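Per-entry structural report
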Amino acid sequence: MAVLSLTTQVFAAKNEFSLQVKGSDTMVNLGQAWAEKYMEKYPADLIAVTGGGSGTGLSSLISGSCDIAMSSRDIKEKEIALAKGKGINPYEIKAALDGLAVIVHPSNPIDKLTVSQLSDIFIGKITNWKELGGKDEKIVILSREVNSGTHVYFKEHVLRKNDPNSKEEFMPEALMLSSSQAIADEVASNPAAIGYYGMGYISSKQKAVAIAKDQNSEYIKPVIENVISGKYPISRPLFLYTNGAPIGLVKKFIDFTLSKEGQEIVLATDFVPVVK
Amino acid sequence: MRKIKEFFIEKLILICGLASIFFVVLIFLFLLKEGLSVFITVSPFKFLFGKSWYPISEPAQLGILPLIMGSLLVTLGAAVISVPIGVGCAIYIAEVAPLKLKEILKASIELLVAIPSVVLGFIGMVTLVPLIKNVFHLPTGLTALSGSIMLAFMAMPTIVSIAEDALYSVPKNYKEGALALGATRWQMIWRVMLPAASSGIVAAIMLGIGRVIGETMAVMMITGNSAVLPKSILVPVRTLTATIAAEMGEAVVGSEHYFALFSIGIVLFIISFAINVTADLFLHKRQ
């Protein structure tokens, strides 16, 4: 692993026309789509996109082994301090929005939930579908691993309902899966499962649940219009982080992602554009 | 001229030999240096026997007891499955099988080693996991048992080849003596061969187990990774190795979490070191 990152570092340093983009698994497809279109337009430049999780991307930016970190969560205080210590100055660019879909098996009769019901499910207060009006079956909770920005976002905004003093955690019995695809596969094959992932992964093999902020609010489906209008309660910004305000090739690429063309790619990969 | 050549080659080999020891020592020192830092903030007792693993919360809860138990449970399960089958297979190959079959069996078992663990994990995920879910009527098939069964496949080749070796090196006259005294073939195997080869067989088992406890990829894919104290073998568990692999990417270099992962590395190192030393002791006893 170390050797691998070392070699990519060497390659990146050698070629001034190449960029390393690394981070959030949620954003990998988007990053790759950006890179492909960008390289079609400017064939002389080389953009390499890899996943690994938001934390992985940010720690690579801090250690200098990538030029742009993709992150589905804000950079943490600790990470900023660490970066400063290494002479790196993280610069944040909001590049897209993402709705988080909560998904169940298509045969599950439940099709709407409130945020506080979701919180109760994922912290283990509600353990049987029966309590929500479903079948008498134990709920199988699926979560991403802790290196995922999606995990952190879901914990802070759903489990803890945006309350910074809350101490709620995923129940320890929750299954920790290493990718959004793994969650999609498990939900598709397990009628008792519930999981979450970025909207881009929604397919007919899973059923996305409509979500309401509280009991008195309207239940909203996770579709692009609802995220743009801000009605859907669990949506989040997706960030690109660079070392200092972007210059040179980094700026050229970032400008491309924020251009009309770049934001059309955002839409095409099932995310939500930030610039209109 | 020949002397100089000899001299250089000799020294070159010496350097190669020392280098491997040197690297092991370096790795161990690095592990210690990074891993022990976690004990500035968490007491070793709380670290080893704490029941909650929430490494990225504020404040972080770094108790690895569920992870240790997870690793031990998966390993124990794998041993229960692979030891009888492995030793049985070794006896068959060494004592019973006709020569031609013997060659085929040995070759195919060695082929098992060649399957990468991620492939085993993948096969387990699509075949074994749904099977276990349906057979035991579980909410999910991602359980310790699934991990144990897949890992048994990984331990088997080691156990079979070393145990077969041990049985093979039992002096011929033991066997002939037993048969001459009127023992049946089974009595000869059970009463003479197995006791005579016992230390080698124990070493084989230990090395097989050593392989299982250090295995990461297959386990991470099929055990579900929930950090709870397992109450049975039919629940998801999180192992030490899977924790390091899954979380190393996130851990901010120099953070408590990062050091804690290195400490898990030390715990793993100690466990597999103990297993290997035990295996070694038994191997030497035999000679």
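Residues numbered from 1 in each chain as written. Chains lettered and ligands numbered in written order. Predicted model: local features only at pLDDT ≥ 70, side-chain atom pairs only at ≥ 80, totals over all residues.

Thoughts on the interface of chain B and chain A
As a reminder of what qualifies: Placing C-beta atoms from the backbone, we regard two residues as in contact once those atoms come within 7 Å. Following the grouping adopted for this structure description, the nonpolar residues are Ala, Val, Leu, Ile, Met, Phe, Trp, Tyr, Cys and Pro, the charged ones are Asp, Glu, Lys and Arg, and the polar ones are all others, Gly among them.
If you look at the interface, chain B gives 23 residues, while chain A gives 24 residues. When its residues are assigned to classes, the side of chain B that touches chain A shows 13 nonpolar, eight polar and two charged.

A look at the pairing of strand β2 (residues 46-50) of chain A
Residues and elements named next belong to chain A. To keep things clear, this is the line we draw: Partly exposed residues are those falling between the two cut-offs: more than 12 but fewer than 20 other C-beta atoms within 10 Å of their own, whereas 20 or more means buried and 12 or fewer means exposed, with C-beta atoms placed from the backbone. Under the DSSP-based scheme used, a helix requires at least four consecutive residues in state H or I and a strand at least two consecutive residues in state E, with every element numbered from the N terminus. A pair of strands counts as paired when DSSP detects no fewer than two bridges linking them. By definition, the crossover connecting two strands over a helix is right-handed if that path, from the first strand to the second, turns clockwise as seen with the strands pointing away from the viewer.
Side chains Ile47 and Val49 of β2 all project onto a buried face; the interleaved residues Leu46, Ala48 and Thr50 project onto a face where none is buried. Pairing of strand β1 (residues 18-23) with β2, which is carried by five bridges, proceeds in the parallel orientation. From the neighbouring strand, Leu19 faces β2, where its bridge partner is Ile47. This β-α-β element, β1 to helix α2 (residues 28-41) to β2, shows right-handed connectivity.

Some remarks on the domain arrangement of chain B
Residues and elements named next belong to chain B. Rule in force here: For every domain, the bounds stem from an assignment made automatically or drawn from a database.
We note that the domain assignment places domain 1 (2-40) and domain 2 (53-286) within chain B. A straight line from the C-alpha centre of domain 1 to that of domain 2 covers 29 Å. Listed as interface residues are six residues of domain 1 and, on the opposing side, nine residues of domain 2. Residue composition of the side of domain 1 that touches domain 2, by class: three nonpolar, two polar and one charged.

Considerations on helix α8 (residues 185-214) of chain B
Selection criterion: In this analysis, the expected span of each helix is defined as 1.5 Å times one less than the number of residues it contains. The angle separating two fitted axes, one through the seven residues that finish at a residue and one through the seven that start at it, defines the bend at that residue.
With 30 residues, α8 of chain B ought to run about 44 Å at 1.5 Å a step, yet its terminal C-alpha atoms sit only 38 Å apart, falling short of that. For α8 of chain B, the principal kink sits at Ser198 of chain B and spans about 65°.

Details of unusual backbone geometry
Glycine aside, the phi torsion of most residues is negative, and most peptide linkages are trans. Residue and element names in this part refer to chain A. A positive phi angle, close to 65°, is found at Asn162, a residue other than glycine. Relative to the assigned elements, Asn162 resides in the loop between α6 (149-159) and β7 (175-177). A residue is classified by how many C-beta atoms lie within 10 Å of it, and Asn162, with 9 of them, is exposed.

Examining the confidence of the model for chain A
This is how the line gets drawn: pLDDT: the predictor's confidence for each residue, scored from 0 to 100.
Put simply, chain A has an average pLDDT of 87, and 93% of its residues get 70 or more. The element-level mean pLDDT for chain A is lowest in helix α1 (residues 2-14) of chain A, coming to 44, with strand β3 (residues 68-71) of chain A highest at 94.

Some thoughts on the nonpolar core
Inclusion rule: Throughout this description, the term nonpolar core refers to a group of buried Ala, Val, Leu, Ile, Met, Phe, Trp, Tyr and Cys residues whose C-beta atoms join them within 7 Å.
Within the largest apolar cluster, 130 residues are counted, with the highest numbers of intra-cluster contacts made by Val102 of chain A together with Leu151, Ile159 and Ala163 of chain B. Residue contributions to this core peak at 15 residues, all from helix α6 (residues 144-168) of chain B. Leaving out residues up to four positions away in the same chain, Ile159 of chain B has contacts with Ser82, Val83, Gly86, Val87, Ala204, Ile205 and Gly208 of chain B. The next biggest cluster of nonpolar side chains, apart from the first, holds 17 residues, and it includes Leu62, Ile64, Leu67 and Ala227 of chain B.

Remarks on helix α5 (residues 115-123) of chain A
All names here are of chain A. Quick reminder of the rule: Each C-beta atom gives one direction from the helix axis, and the arc is the one those directions make.
Looking at α5, one finds that the buried residues are Val115, Leu118, Ser119, Ile121 and Phe122. Buried residues of α5 fall within an arc of 165° about the axis and therefore sit on the same side. Where α5 is buried, its residues contact β4 (90-104), β5 (112-114), β6 (140-144), α6, β8 (193-198) and β10 (210-212). Where α5 terminates, the next one or two residues include Gly124, which has phi positive at roughly 95°.

What to know about the environment of Ala274 of chain B
All names here are of chain B. Among the structural elements, Ala274 can be located in helix α11 (residues 256-286). On the basis of neighbour count, Ala274 is assigned to the exposed category, with 12 C-beta atoms found within 10 Å. In sequence terms Ala274 and Met206 are 68 residues apart; their C-alpha atoms lie 9.7 Å from each other.

Some details on the packing of helix α4 (residues 99-113) of chain B against α6 of chain B
All names here are of chain B. Rule in force here: Helix axes are fitted only over the stretch in contact, all axes being lines through C-alpha atoms; the angle between N-to-C directions runs from 0 to 180 degrees. For classification, angles of less than 35 degrees are called roughly parallel, those exceeding 145 degrees roughly antiparallel, those between 65 and 115 degrees roughly perpendicular, and all remaining angles oblique. Each helix crossing is assigned a hand: it is left-handed if the near helix lies turned anticlockwise from the far helix by less than a right angle, otherwise right-handed if that turn is clockwise.
Direction vectors running N to C along α4 and α6 enclose 135°, while the axes themselves pass 8 Å from each other. Classed by the angle they form, the pair α4 and α6 counts as oblique. Taken as a pair, α4 and α6 cross one another with a handedness that is left-handed. In contact with Ile109, Glu110, Leu112 and Val113 of α4, α6 contributes Phe153, Met156, Pro157, Val160 and Ser161. Broken down by class, the residue content of the contact of α4 with α6 amounts to seven nonpolar, one polar and one charged.

Overview of the packing of helix α3 (residues 65-96) of chain B against α8 of chain B
Residues and elements named next belong to chain B. With their axes 9 Å apart at the nearest point, α3 and α8 run at an angle of 140° to one another. If you check the angle between α3 and α8, you find them oblique. Considering how the two elements wind past one another, α3 and α8 form a crossing that is right-handed. Between α3, through Ser71, Thr75, Ala78, Ala79, Ser82, Val83, Gly86, Val87, Ile91 and Glu95, and α8, the contact on the second element is made entirely by Ile189, Met193, Ile201, Ile205, Gly208, Ile209, Val212 and Ile213.

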